[in-house]
Amino acid sequence: MPSNKPKFYLTTPVYYTNGLPHIGHTYSTIVCDTIRRYKRMRGYDVVMTTGTDEHGVNVERSAKKAGVPESEFVAKMAAEWRALWDELGVQGDEFIRTTDLKHAHTVQWLFKQCRDNGFVYPGHYTGQYCIYDNAYVDVKPGENCPDCGRPTETVTEANFYFKLSAFQKPLLDWYAKHPDFIQPEARRNEVLSFVEGGLRDLSITRTSVRWGIPVPGEEPHVFYVWFDALTAYLSAVGGPQYEKTGYWPADLHLVGKEIIRFHAVYWPAFLMAAGLPLPKQVWAHGWLLMDSAKMSKSLGNVVRPRPIVHVLGMDALRYYLLRETVFGQDGNFSYDALVQRYNSDLANGLGNLASRTAAMIEKNCGGKIPKPAVFQPQDTALATTAQEVIGEVLEQYDKLGFSLALEEIWSLIAATDKYLTTEHPWSLGESEPDQQRRATILWTTAEVLRIVTALTHPVLPESTTKVWSLLGQPDQPGSFPLDGLRWGQLAPAKPLGKSQALFPRIEKAEAIERMEAMEKEEQKQPSPVTATAAKPASAPAAGGAATAAAPAAAEKIGIEDFARVEMRVGQIKTAERIVGADKLLKLTVDIGTEIRQICAGIAQYYEPEKLIGRKVAVVVNLAPRKLRGVESNGMIIAASVGPEGRPVLAGFPDEDVEIGARLK
Ligand code: MSP
């Protein structure tokens, strides 16, 4: 049955699979899951996409290090990410992997649309590339990446350019017409001044990378990671057939602040070029800091989510992340503050209110929700506060103001604790008026608890489900329509449900010790991807360029694929060493039609002088690239022998073959 509810489509970033999730990644995902649950409760037909970004040099290298093919590496890592989100109660509807076939088709289709519309052209590019951020950066050779501080590499390659420069005005017009497109305000201003400063065309394919989605008919080009990754948002909801699912354009892309530019500039430009609808909003949150630095694997300051979930429960982590940091700003993580919040807000706050309310109803009202009698002004005052809190919390949630929303809810809990202290139902006697007064107080308290439970459900899905059933409420809190939440809906006479442990108090030092010990254990664990494959990833060939292959490197290829590689007999004319590159030789090779300069990684095994006049097999139709700053225009074929991959040049010892003859 097609739903007639309004649709809401939101996304987390797709995460790199060369590492495992830490609580920085967890933050993006938990926020998204909270919004997803909230929107459901507001009556939307919601789809949330999360997933993994699995291509690029980083994965190539990590897989090689693990000694497994890339496809095996990413499959295991993606499974780890998925399992963790399950443990955290994250209800992603779509889990997209950028190695999914449907995704590859969408990327290729999007490229074709952009190209057919005249926004793609071929070219060459040389620049400093940061393989960790998957981006060219504006620094000189030898300088580190300005964003992450790690070394950059000089890359020269043939590629296809996207005419980003053509979109300066359309993007500025779009931002002006849709002032809420980029949130928060500070990020919007940052993006605006970047675009106003002028846009340079963007290289969107690579020939120096093998592990990527092939550009059809243009191999060895593969798509640049961001053209590939951003498109995941569209592939998850139908790709070229997005109109059929009805979820595109996305309502919200939730991202960390360091990737706002890709989402707020590149992505809308790609979509405009392809003539597709643009997402409605991109929201950039801040970073979780550890010792004042962005948590990241390379700095070694990461905190993993599992130990926290194990010791305090998943709701505690969710609550802490959303309460402690103002959404959009950076926030410091500390175990101390985490346990402090857990004990004060969850154990002593919500947990205590739920258990004492249930215990009093159990003891005094036969375990059934009491029927209130006459309301006193102090009861109606609490009712008014609760009704106001409902409005304010919904307003804050709509603005993604999670910490303020939770603050409001906890002020209601505090007001209710105070109300109980002043009304002290436990000291009332057994007379009829006393019983009636007690029933009114306990009903009022239980009604606050019901409202608090419904309002906190998007943040605390596990514990609120327990409180909901404790209050004898039907179904799950997640199916309660928040639009209809009002004071006074708690029906009397309903029996209470089973009482379950919510947030047992915990001694701070002990909790921290346990979490830190588990964290250390986790760090000692071997990577989920260990070298189980029989053959290590292939050793580099002797020539300058990488071998051209589609992602499924292990698959068999047809003869037509082989025929695309043009190999010829060449004769080495000159050979010399390259200063500063002890593995490389610079050769000039006669291939029959021309003399080519080719670099070969054979310097440690062949004396340059002895190579002059030698006939070799050369791949002649590889795109040129620079190695150690020296242009290499082709590749010499060699066998890779022994564990260290010693190159042995392929040759023609039996016959004097003609220079330029084609190898078939
Ligand atoms: N693969 C790209 C995203 C492509 S989206 C089309 C990527 N992946 S990532 O794994 O590095 O990070 C994804 C998300 O995790 C980002 O939103 C990022 O901000 C978030 N976080 C990673 N470390 C973080 C913190 N320390 N704090 C908060 N979030 C951070 O980028």
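In case you missed it, the structure is sitting above this.
Now for a description of the structure that goes with this document. (Residues numbered from 1 in each chain as written. Predicted model: local features only at pLDDT ≥ 70, side-chain atom pairs only at ≥ 80, totals over all residues. Heavy atoms only, no water.)

### Digging into the state of the cysteines
Here comes step 1: Counted under the stated rule, the structure contains 0 disulfides.
Here comes step 2: Its sulfur unpaired, cysteine 145 is 3.8 Å from the next cysteine sulfur, which belongs to cysteine 130.
Here comes step 3: Given the relative accessible area of 3%, cysteine 145 is considered buried. (Disulfide = S-S within 2.5 Å. Buried < 20%, exposed > 50% of the residue type's maximum accessible area, 1.4 Å probe, protein only.)

### Quick notes on helix H15 (residues 402–423)
Here comes step 1: Compared with the 32 Å implied by 1.5 Å per residue over 22 residues, the 31 Å span of H15 between its first and last C-alpha is a close match.
Here comes step 2: Within two residues after H15, histidine 424 carries a phi angle of roughly 20 degrees, on the positive side. (Helix = DSSP H or I, 4+ residues; strand = E, 2+ residues; numbered from the N terminus. Expected span 1.5 Å × (residues − 1).)

### Details of the pairing of strand S19 (residues 615–619)
Here comes step 1: Counting buried positions along S19 yields 5 of 5 residues, so the element is predominantly enclosed.
Here comes step 2: With burial as the criterion, each face of S19 is covered, one bearing Lys615, Ala617 and Val619 and the other bearing Val616 and Val618.
Here comes step 3: The sheet contact formed by strand S16 (residues 567–578) and S19 spans 5 bridges and is antiparallel. Counterpart to methionine 567 in the pairing with S19 is valine 619.
Here comes step 4: Sheet analysis places S19 next to strand S22 (residues 635–636), joined by 2 bridges and oriented antiparallel. Residue pairing in the sheet places valine 618 in a bridge with isoleucine 636 of S22. (Pairing = 2+ DSSP bridges.)

### Section: the nonpolar core
Here comes step 1: One finds Phe333 and Leu455 to be the most contacted residues of the largest nonpolar core, which totals 102 residues.
Here comes step 2: Setting aside residues up to four positions removed in sequence, leucine 455 forms contacts with Val389, Ile390, Val393, Leu394, Tyr397, Ile409, Leu482 and Leu485.
Here comes step 3: Formed by 67 residues, the second largest nonpolar core is a distinct cluster that contains Val14, Leu110, Leu278 and Ala284. (Core = buried A, V, L, I, M, F, W, Y, C linked by side-chain atoms within 4.5 Å. Contact = heavy atoms within 4.5 Å.)

### A short note on the packing of helix H14 (residues 377–398) against helix H16 (residues 432–456)
Here comes step 1: Interaxial distance between H14 and H16 falls to 11 Å at its minimum, and their mutual angle equals 5 degrees. Between H14 and H16, the angle is such that the two are roughly parallel. Between H14, through Gln378, Asp379, Leu382, Ala386, Val389, Ile390, Val393, Leu394 and Tyr397, and H16, the contact on the second element is made entirely by Arg437, Thr440, Thr444, Val448, Ile451, Leu455 and Thr456.
Here comes step 2: When its residues are assigned to classes, the contact of H14 with H16 shows 10 nonpolar, 4 polar and 2 charged. (Axes fitted to C-alpha atoms, helices over the stretch in contact; angles between N-to-C directions. Parallel < 35°, antiparallel > 145°, perpendicular 65-115°, else oblique. Nonpolar A, V, L, I, M, F, W, Y, C, P; charged D, E, K, R; others polar.)

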